[in-house]
Structure formats: C-alpha cells, structure tokens
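Structure assessment
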Amino acid sequence: PTLLALLGIDPAPYAFVGRSLLGASDDVPVPGEYGCWRTSRLLFLAGDEGLGTDGTCLDLASRVPVPMSRCDEDMEFARRMEEISALVLEHDLQRRIHLDLTAGIGGAE
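It should be emphasised that the depicted structure is a prediction, and the values quoted were computed from it without experimental measurement.

**Remarks on the nonpolar core**
Ranked by size, the top nonpolar core spans eight residues in total: Trp37, Leu42, Phe44, Cys57, Val66, Cys71, Met75 and Ala78. Sorting the residues of this core by element identifies β3 (42-45) and α2 (72-90) as the ones contributing at least two each.

Pasting the structure below:
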C-alpha cells in the first residue's frame, strides 16, 4: 500500500495485509520493533521488559514524557496488531488470502 500511494495509486480497492505508512486519517498506531509504536501525536518506547508497563510515552510535538494513561488505548491497538502480524506469518495467511482471492475471480495459483 505504501508503494502504490507513492506512485499516486489509491490502494483502498485492493486487498492487503498491512496499510500505507504514509499516514491515514484514522491515525492508528504503527507498531515498531520490541513493542514500540507511534502515532502522529504519541511515541511509545518500550522498556527493558518489553511489557508496555515499563516504557515511556512521549508527546511527539514537545518530546516530553506524558502519563501512560494517554497511551493506553493506542497501546492495546498496537499490541493487537502485533499479535495479528505474528499469526499471519505463523500460519502463512498471506498466501491463503491470495489463493482465496484468486479463486474467487477465477484465477489460478
């Protein structure tokens, strides 16, 4: 989706596992490595334990730490996205989605 957006092609009508990293109006968290994530407003840096409880939540505009309660909702969303990504890789779901889509339009593997 990111490459299509860079080429000026709207990726919305196509099926993808993922989304454009260029930004979206819904501003959902973009998970990073080690439990870190960011939105356009907040950045969460995981601590040594990587549990979310020992990290730091920062306001991106001021780069000042803010109460963890400001990150709670986005934290749960980012955690869920990481779980889904792991399941997609573990069960090779991207291939299964591709096969289901091509079978639905009469295509072959």
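**Details of the pattern of salt bridges**
Scanning the entire structure with this criterion turns up four salt bridges. The residue Arg70 makes a salt bridge to Asp59 at a minimum N-O spacing of 3.6 Å. One end of the pair, Arg70, is in the loop between β5 (64-65) and α2; the other, Asp59, is in strand β4 (residues 56-59), with 11 residues separating them in the sequence. Overall, the relative accessible area of 41% leaves Arg70 in the partly exposed class.

Reading the values: the criteria
Residues numbered from 1 in each chain as written. Predicted model: local features only at pLDDT ≥ 70, side-chain atom pairs only at ≥ 80, totals over all residues. Heavy atoms only, no water. Core = buried A, V, L, I, M, F, W, Y, C linked by side-chain atoms within 4.5 Å. Buried < 20%, exposed > 50% of the residue type's maximum accessible area, 1.4 Å probe, protein only. Helix = DSSP H or I, 4+ residues; strand = E, 2+ residues; numbered from the N terminus. Salt bridge = Lys/Arg side-chain N within 4 Å of Asp/Glu carboxyl O.

These figures capture arrangement, not role.
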